[in-house]
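# Chain and residue survey
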Amino acid sequence: MMTSRQEYYELLTKENLAPLWLSLSNLVPAQPHSKAVPTLWKYEALRPYVMQAGELITAEEAIRRVLVLENPGLTGKSSITSTLYAGLQLILPGEIAPSHRHTQSALRFVMEGKGAWTAVNGERTTMSPGDFIITPSWKWHDHGNPSLEEGGEPVVWLDGLDIPLLMHLDAGFAENLGQATQPIERPEGLSFTQFGHNMAPVRHQASDPTSPIFSYPYDRTREALDQLYRFEALDDWDGAKLQYINPVTGGSAMPTMATFMQYLPKGFKGRTYRSTDATVFTVVEGAGVVYIDDAVFSFTPRDVFVVPSWSAVRLEAQEDIVLFSYSDRPVQQALNLHRELRE
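Keep in mind that this is a model prediction, so the values were computed, not measured.

The rules behind these values
- One numbering rule holds for all chains: residues counted from 1, following each sequence as written.
- The predicted nature of this model means local features are confined to residues of pLDDT at least 70 and side-chain atom pairs, given and counted, to a pLDDT of 80 or more, with totals for whole chains, interfaces and linings taken over all residues.
- Hydrogen atoms and water are omitted, and side-chain values are computed over all heavy atoms in the structure.
- Only DSSP runs of H or I reaching four residues or more are called helices, and only runs of E reaching two or more are called strands; each is numbered from the N terminus.
- In this description the radius of gyration comes from C-alpha coordinates, and the expected globular size is given by 2.2 Å times residues to the power 0.38.
- Each residue is assigned to one of three classes by its accessible area relative to the maximum for its type, calculated with a 1.4 Å probe on protein chains only: buried under 20%, partly exposed between the two thresholds, exposed over 50%.
- The contact definition used throughout considers only heavy atoms, calling two residues in contact when any of these lie within 4.5 Å.
- Computed by Shrake-Rupley with a 1.4 Å probe, the accessible areas treat only the displayed protein chains as cover when residues are assessed.
- Two residue types count as positive, namely Lys and Arg, and two as negative, namely Asp and Glu; His and chain ends fall outside the count.
- Working definition for charges: the position is that of NZ of Lys, CZ of Arg, CG of Asp or CD of Glu.
- Strands pair, by our definition, only if DSSP identifies at least two bridges between them.
- Convention adopted: a line fitted to C-alpha atoms gives each axis, helices being fitted over their contacting stretch, and angles between N-to-C directions are expressed from 0 to 180 degrees.
- Between Lys or Arg on one side and Asp or Glu on the other, a salt bridge is scored when a side-chain nitrogen of the former is within 4 Å of a carboxyl oxygen of the latter.
- UniProt positions are given in the numbering used here, feature names are shortened, and annotations may be inferred rather than shown by experiment.
- Nonpolar cores were defined as sets of buried Ala, Val, Leu, Ile, Met, Phe, Trp, Tyr and Cys residues, with membership established by side-chain atoms within 4.5 Å.
- Think of a patch as exposed residues, more than 30% relative accessible area, with no salt bridge, where like charges cluster within 9 Å and nonpolar side chains (Val, Leu, Ile, Met, Phe, Trp, Tyr) cluster within 5 Å.
- Pairing of aromatic side chains here covers Phe, Tyr and the six-membered ring of Trp, requires ring centres within 6.5 Å, and sorts the geometry by plane angle: under 30 degrees stacked, over 60 edge-to-face, intermediate tilted.
- In this scheme, the term charge over a ring applies when either NZ of a lysine or CZ of an arginine sits within 6 Å of the ring centre and within 35 degrees of the ring normal.

### Things to note about the overall build of the protein
Counting secondary structure elements, the protein contains eight helices and 22 strands. Computed over the C-alpha atoms, the radius of gyration of the protein is 22 Å, within 12% of the 20 Å expected from 2.2 N^0.38 for a compact globule of 343 residues. Sorting the 343 residues of the protein into buried and exposed places 48% on the buried side. Considering only contacts in the protein between residues 6 or more positions apart, those separated by 24 or more positions represent 74%. Counting every atom, the protein has about 17500 Å² of accessible surface; 53% of that belongs to carbon and sulfur. Averaging the coordinates of the 28 positive side-chain charges in the protein and doing the same for the 41 negative ones gives two points 4 Å apart.

### Details of the sheet that holds strand S12 (residues 215-216)
Read across the open sheet, the six strands follow the order S2-S3-S10-S5-S8-S12; overall the sheet is antiparallel. Here the strands that pair on one side only, and so sit at the sheet edges, are strand S2 (66-68) and S12. Strand direction decides the pairing type here: S2 and strand S3 (residues 85-91), joined by three bridges, are antiparallel. The residue bridging valine 68 from the neighbouring strand is glycine 87, located in S3. Together, S2, S3, strand S5 (106-112) and strand S10 (155-161) form the strand contacts of helix H3 (residues 43-56), whose direction differs from that of S3 by roughly 55°.

### Let's talk about the pattern of salt bridges
Within this structure, the stated rule accounts for 16 salt bridges. Linking arginine 186 and glutamate 123 is a salt bridge whose minimum nitrogen-to-oxygen distance equals 3.1 Å. Taken together, the positions of arginine 186 in the loop between strand S11 (174-176) and helix H6 (190-195) and glutamate 123 in strand S7 (residues 123-126) put the pair 63 residues apart, joining distant regions of the chain. Between aspartate 236 and arginine 271 there is a salt bridge whose closest N-O contact spans 3.9 Å.

### Points about the UniProt feature "domain: Cupin type-2" (unreviewed entry) in the protein
Mapped onto the present numbering, the UniProt feature "domain: Cupin type-2" (unreviewed entry) falls at residues 88-149. A distance of 25 Å separates the end C-alpha atoms of residues 88-149, which is 0% helix and 55% strand.

### Some remarks on the pairing of strand S4 (residues 96-102)
Of all seven residues in S4, six are buried, a share of seventy percent or more. In the sheet, S4 pairs with strand S9 (residues 141-144) via three bridges, with the strands oriented antiparallel. By the bridge assignment, alanine 97 is partnered in S9 with histidine 143. Judged from the three bridges that link them, S4 and S11 form a sheet pairing that is antiparallel.

### Re the nonpolar core
In terms of nonpolar packing, the biggest core is built from 47 residues, with Ile80, Phe109, Phe132, Leu158, Met261, Phe324 and Tyr326 touching the most fellow members. In this structure, Leu40, Phe268, Val290 and Val313 belong to the second largest nonpolar core, which totals 18 residues.

### Some points on a nonpolar patch on the surface
Residues Leu20, Leu24, Leu27 and Val28 make up a contiguous nonpolar surface patch of about 390 Å² in total accessible area. Among the secondary structure elements, valine 28 is positioned in the loop between helix H2 (24-27) and strand S1 (39-41). On the basis of relative accessibility, which here comes to 58%, the residue valine 28 falls in the exposed class.

### Topic: unusual backbone geometry
Positive phi, close to 50°, is recorded for serine 78, a residue that is not glycine. Considering the arrangement of structural elements, one finds serine 78 in the loop between S2 and S3. Despite not being glycine, asparagine 198 shows a phi value in the positive range, around 55°. Mapped onto the secondary structure, asparagine 198 falls in the loop between H6 and S12. Here asparagine 198 falls in the exposed class, since its relative accessible area comes to 82%.

### Things to note about the packing of aromatic side chains
Applying the stated criterion across every chain, the model contains eleven aromatic pairs. Pairing tyrosine 216 with tyrosine 244 gives two aromatic rings, centres 5.3 Å apart and planes at 80°, and the pair type is edge-to-face. Taken together, the residues tyrosine 216 in strand S12 and tyrosine 244 in the loop between strand S13 (240-243) and strand S14 (258-264) connect sequence positions 28 residues apart. Taking the relative accessible area as the measure of exposure, tyrosine 244 reaches 6% and is therefore buried. Here the aromatic cluster, defined as three or more aromatic residues joined through ring pairs, consists of Phe109, Phe132, Tyr216, Tyr244 and Phe324. A cation over an aromatic ring shows up here: arginine 220 above the ring of phenylalanine 192, its NZ or CZ 3.9 Å from the ring centre. Just above the ring of phenylalanine 260 sits the side chain of lysine 241; from NZ or CZ to the centre is 4.7 Å.

Next up, the structure:
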């Protein structure tokens, strides 16, 4: 007697097998269907919770005092997209976030406060709002803030990491240095002096895909955007948009995350586009509106919003706007998977 389909499927399950035909449309879809959903986080609503964390737990005890921006479509995964993580980190005057390293690559984008520092690979950089700072994979890094007597103030930055991607790959490692700070062996600004002027040390060998410049100050980025706006026609979708690069290779500043800054003048009404790289945005200056599929969000400085993969997105500027963003585009490009549709 022939077995019924249901009986057949139950037999397959016992043998750790599954029929492809029942899941083929989900495994090989006609186009991406992200579980992440369009979401906006209002910074002024989040800030009290960030500051309250500073009252409840020390930076040393927490190791990293961060509130995770978790996408409501990815509950319990500590993810803002299927491959990216985002969080708001706070360091108070007189605190040190102890030195450690991990295989996950990280970016810091300073949201509020100035004077704190990040140390990477034996060099420190002072942090100011709008600065983009890189923590490369498997490099020692720690953060600190001068005391109140030395002029320290609370500093908050946006953390962006490739944690979910590395979890998918089962490639995560981490290690604590065993002391609060790493030895400082290089003067502040040395990496930019060596690589930030379209030049490089004569015997430098490009063996690391991460940029040798680990701090990109906002004042230089803003000047570049102003120059681009003056000398080039605005793009109908992006306005004036630049990508941070590795000056040695010409590629993305980080191997797993692309980072961008763009300027939209007051009155700009962008056209709709789609991209396979889900993108996290934070507002540096100005106010505007973003349309993501059927969602409409009004944003102001320091708000964070996420555009899932292949969502239709359009930007409008009610004031002059500057946006920082990051995505997993380098990974998709390396695998020849990245697609974009400009409508």
